[in-house]
Amino acid sequence: MTLSREQFILLLLALIGLGFLVQQTQQPPLQTSLWRGGALSTQRVARQSLSAAFAPQSATEHPSGNPLRNPRTVITQGYGIGSHAPASVWGGIDLAVDGDGDGKADPQGTWRAPVYATHDGVARVRPDTWPGGNYLAIENNRYKTAYAHLDSYAVVDGQPIVRGQLIGYVGSTGMSSGPHLHYEVWEHGINRDPLDFNVLRHEW
């Protein structure tokens, strides 16, 4: 059988294309699966990476609740105002306890009130800082909460912390005019308003 010039060119191009296809299938895979069947496709690898990046966190890794766990908690200074401005640096709120029920902060009722972690993480203990006094941060991959002006600690630096764990006691250390807890929330390094994290809800 004789091929025309056009048929010969088409056959040659087909053979070149087939050779290229065989070469591509022999490249090492991006990732191999544990099941029999070999390489995962690039699309599947990408989907798995995206799923891991956006997987929902455990509820206890997300800050929530009142660090004083007291139904008589009052805010003595709000977010991003006064000494909490600018919010991007000093954003937080000051919390105290209304011990006598008159709707105002009570120094006696606030002094050495227990402080609880609002999420899971690792403790970063920093005593005698300025202006935060005895400062404690709890960090995980996404969030950091900060607790300042503590009288004393109930945890040590580097200790794993679980939500609801006792971490310290309210004091008036550092730049403070009276006993209170300065509380901050950071998400991926960005300061957030603690009121967005149910900070006045004392039931856990």
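Worth saying up front: this structure is predicted, and the values here are computed from it rather than measured. (Residues numbered from 1 in each chain as written. Predicted model: local features only at pLDDT ≥ 70, side-chain atom pairs only at ≥ 80, totals over all residues. Heavy atoms only, no water.)

Attention now moves to the overall build of the protein chain. If you tally the helices and strands in the protein chain, you get four helices and ten strands. The N-to-C order of helical and strand elements in the protein chain reads α-α-β-α-β-α-β-β-β-β-β-β-β-β. In the protein chain, buried positions account for 34% of the 204 residues. Put simply, 61% of the contacts in the protein chain that link residues at least 6 apart link residues at least 24 apart. Here the protein chain has roughly 12,100 Å² of accessible surface; of this, 57% comes from carbon and sulfur atoms. (Helix = DSSP H or I, 4+ residues; strand = E, 2+ residues; numbered from the N terminus. Buried < 20%, exposed > 50% of the residue type's maximum accessible area, 1.4 Å probe, protein only. Contact = heavy atoms within 4.5 Å. Areas by Shrake-Rupley, 256 points an atom, 1.4 Å probe, with all protein chains shown as cover.)

Moving on to the side chain of Asp 120. Here Asp 120 shows up in the loop between β3 (114–116) and β4 (121–129). As a buried residue without a salt bridge, Asp 120 has its nearest oppositely charged side chain in Arg 163, at a separation of 6.9 Å. A polar contact of 2.7 Å, which involves the side chain of Asp 120, links it to the backbone nitrogen of Arg 163. Excluding residues that lie within four positions of it along the chain, Asp 120 makes contacts with Thr 60, Glu 61, Ile 138, Asn 140, Ile 161, Val 162 and Arg 163. (Lys, Arg positive; Asp, Glu negative; His and termini not counted. Salt bridge = Lys/Arg side-chain N within 4 Å of Asp/Glu carboxyl O. Polar contact = N/O pair within 3.5 Å; in protein donor to acceptor, adjacent residues only side chain to side chain.)

The next thing to look at is the confidence of the model for the protein chain. Per-residue pLDDT for the protein chain has a mean of 81; in total, 73% of the residues score no lower than 70. Counted against residues more than four places away or in other chains, residues 24–55, with its pLDDT under 50, gives 14 contacts. (pLDDT = per-residue confidence, 0-100.)

Among the five residues of strand β2 (residues 93–97), five are classified as buried, and the element is accordingly described as predominantly covered. Alternating residues of β2 divide into Ile 93, Leu 95 and Val 97 and Asp 94 and Ala 96, and every residue in both groups is buried. Bridge count for strand β1 (residues 73–77) against β2 is four bridges, and the pairing is antiparallel. Note that in β2 the partner of Thr 73 across the bridge is Val 97. Where β2 and strand β9 (residues 181–187) come together, three bridges link them in antiparallel fashion. When the bridges of β9 are listed, Leu 95 appears paired with Leu 181. (Pairing = 2+ DSSP bridges.)

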